[in-house]
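# Observations on the model geometry
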Amino acid sequence: MLLRSVVALLAVAFCLLAMQAAGRFGFARLLGKYAVATNSIPAADQAIALAPADAEVHRARARVMNRLKNPAEARKSFEVASSLRYRDDYLWLELGSTRDELGDAPAALAAFEQAVRWAPHYAHTLWQRGNLKLRMGRYDEAFADLRAAAASKKTLMPSLIDMTWGLTRGNPNTAEQLLQINNDSDRLAFAKFLARKGRGKECLEQLRLIATPLSEENRRAMVQQLIAAKAFHDAFALWRTDSTAKSPVIENGGFEEPVELPGTDQGFGWYIVGKPEPKIVRDGSEKLSGRSSLLLGFNGEWKAPADTILQRIVVEPQRRYRISFGVRTKELVTGAPPALVVTDASSEQRLGQSQPFPAPTNNWQTMSFEFDTAPATQAIVLAFTRVEGPCNPCPIFGEFWVDDFLIEDVTTVNPQH
Amino acid sequence: MNSKRRNGPRTIAALLFFVIAQIGLQVGLAERAANTAVPVQPQTVARLTTSNNQPIQVNGLSAATGASIVSGATLETGAGQSATVNLGPLGTVEISSSTRVVLTFDDTGNFKALVMFGCVKIDARKNATGEIATDQGSQGKTNPASGGDLELRYQPGTAPAMGQGVCTAPGAPVPPGGGGTSGGLFGLGVPATIAIVGAGTAAGLTPLFFQDNPSGPSN
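Okay, so let's go over this structure. (Residues numbered from 1 in each chain as written. Chains lettered and ligands numbered in written order. Predicted model: local features only at pLDDT ≥ 70, side-chain atom pairs only at ≥ 80, totals over all residues. Heavy atoms only, no water.)

## Observations regarding the pattern of salt bridges
All names here are of chain A.
- According to the stated counting rule, one finds 35 salt bridges over all chains in the structure shown.
- A salt bridge links Lys 76 to Glu 73; its shortest N-O distance comes to 3.0 Å. Taken together, the positions of Lys 76 and Glu 73, both in helix α4 (residues 71–84) and three residues apart, correspond to about one turn of that helix.
- A relative accessible area of 21% places Glu 73 in the partly exposed class.
- Across the salt bridge formed by Glu 216 and Arg 219, the nearest N and O atoms sit 3.9 Å from each other. (Salt bridge = Lys/Arg side-chain N within 4 Å of Asp/Glu carboxyl O. Helix = DSSP H or I, 4+ residues; strand = E, 2+ residues; numbered from the N terminus. Buried < 20%, exposed > 50% of the residue type's maximum accessible area, 1.4 Å probe, protein only.)

## Considerations on the packing of helix α3 (residues 55–67) of chain A against helix α5 (residues 89–101) of chain A
Residue and element names in this part refer to chain A.
- Running from N to C, α3 and α5 cross one another at 30°; their axes reach a closest spacing of 12 Å. Taken together, the axes of α3 and α5 lie roughly parallel to each other. In this structure, α3 crosses over α5, and the sense of that crossing is left-handed. Together, Ala 55, Arg 59, Arg 63 and Asn 66 of α3 and Tyr 90, Leu 91, Glu 94 and Thr 98 of α5 make up the contact between the two elements.
- Among the residues forming the contact of α3 with α5, the class breakdown is three nonpolar, two polar and three charged. (Axes fitted to C-alpha atoms, helices over the stretch in contact; angles between N-to-C directions. Parallel < 35°, antiparallel > 145°, perpendicular 65-115°, else oblique. Left-handed = near helix turned anticlockwise from the far one by under 90°. Contact = heavy atoms within 4.5 Å. Nonpolar A, V, L, I, M, F, W, Y, C, P; charged D, E, K, R; others polar.)

## Focus: the interface of chain A and chain B
- In this complex, chain A contributes 27 residues to the contact, which on the side of chain B involves 33 residues.
- Across the chain A to chain B interface the summed buried area is about 2,700 Å²; carbon plus sulfur atoms make up 55%.
- For chain A, the biggest contributors to the area lost against chain B are A:Glu101, A:Arg135 and A:Tyr139; these three give 20% of the whole.
- On the surface where chain A and chain B come into contact, there are two salt bridges.
- A salt bridge links B:Arg47 to A:Glu101; its shortest N-O distance comes to 2.8 Å.
- On inspection of chain A and its partner chain B, the count reaches 13 residue pairs in polar contact (both at pLDDT 80 or more). (Buried area = accessible area lost by both parts, 1.4 Å probe. Polar contact = N/O pair within 3.5 Å; in protein donor to acceptor, adjacent residues only side chain to side chain.)

## Here we look at the state of the cysteines
Residues and elements named next belong to chain B.
- The tally for this structure, following the rule as stated, stands at one disulfide over all chains.
- Paired by a disulfide, Cys 119 and Cys 167 hold their sulfur atoms 2.2 Å apart. Classification of the bridge connecting Cys 119 and Cys 167 rests on its S-S torsion, roughly -105°, and on that basis the disulfide is left-handed. With Cys 119 in strand β9 (residues 110–124) and Cys 167 in the loop between β13 (161–162) and α2 (190–209), this pair connects stretches of sequence that are 48 residues apart. The burial state of Cys 119 is the same as that of Cys 167; both residues are buried. (Disulfide = S-S within 2.5 Å.)

As structure tokens, this is what we get:
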């Protein structure tokens, strides 16, 4: 009986001790979290006093110290924490980062080495060590780490490419050497980056090395990026599906193929600007040749003729071109009749303009106009305009059809520069 | 016995050949590896530190503490984000929230922060020249003889504000490290924290006060 009582008392005492230890530990953790949330050093110190063997409370104190711009104290706490929980790669990373902040690169590297040791196949450890080695000028080792990190975590690849580009001061060959691209996914990421930078030639070279077919979505995205970077020739080379198609060409000039929906800019081909003012439809009942033409119908306003339907056309600089087209008008009533205009796609400089369309009603007739490209012209934009009239505002009513657009290089025929 | 004796040197020769071939192969491979040196010019590479390790945008891509920043990078912080760029011997650049800045630096001791919008503070060390600029031109340079700091707040369409404390003035974007919380546990506020801690403590101590459980199975 006595023995049972002693055993019971001991068990109760043990339980009470365990409860007290758990309580201290839990309360220390809570204080640690509180310290981090409020940047409170006393709370962090109290947490450590309660549970000095708990790495987490030392980490909490280190974080508070870092926030309060006291990395020297943060370093001490991280060092204690990492000694208590030496297999925690994140603790080593935080210690390394703090040492790096203090300018102690060798000690930071030692911490990052430990982080990699305990998490050798994860991207975050290799990425941090690679970045530090890069800043230390140990480029070979740095890129080995950075490449391994990007291979482990694909989302790091764009950052690696961007950093490499900056480091090589925009040299695509050196960047490619450093990146050591050996798969389609990475090569596509590099090609996209080059497109964004307007390096069309290099972008196309990378795309040629890709074994898997390029998706339509990627092709469109890169065409748009090349256009945004004003690399029109390379954008056109990527856009055309028929490699025999040579510039200059007005795509779908006879409107025999459907025109893309409004707001869909494919880069080349007809582009109907989103929510155009006039009615725009392909019309099979009226045509100069083929099966259809394009009808534009008006019922009052046409304030932005250039933002109606347009087409980018790749051309050569310092050449003379002729654009011809068919036009038919019906009850077209306005003080400022429509016409076609050509502008430089980069500088938006006006290069040429057609005569105004005949009004009010006229059967199909072929019109043409010529223009010269500037020394820097790579592409032009063919769009509508309105010939200045005495009216303001200038309403427009009626409709017209256009068909059979054609562009020719007439430099040798009519070299009027 | 004799044939064994004759085969002995042959075996040793074969083993030696194998060993030498192995060494040669390893030396050859080592030489090839040494030839793959990366053709990068040594240059200053800066280090990014972000507040609370929250990622910011560097050249439109996400980057957090520890990222390397090369000259010409565009850094952008969002609301509630801030960052510091450590340029080593040149100095530091502190970027407040809602700021876009283009950072350029070289190995001859010059660095420049072109502020597109937001708030930036540069701190140039001695023998380095720090410059702060906007699209309206250079707004100031530090003296390399003494070093020093410059602080600028700018929004396009307005005149840039320069001077000590413009980034911490009321209405300015939050400077690095200035992201405060409402206090209390997890930012819940002090009263709520006291209530939570108090309730937790009371719950933990309850068994000590009410040891005789009236609804226990012993009754």
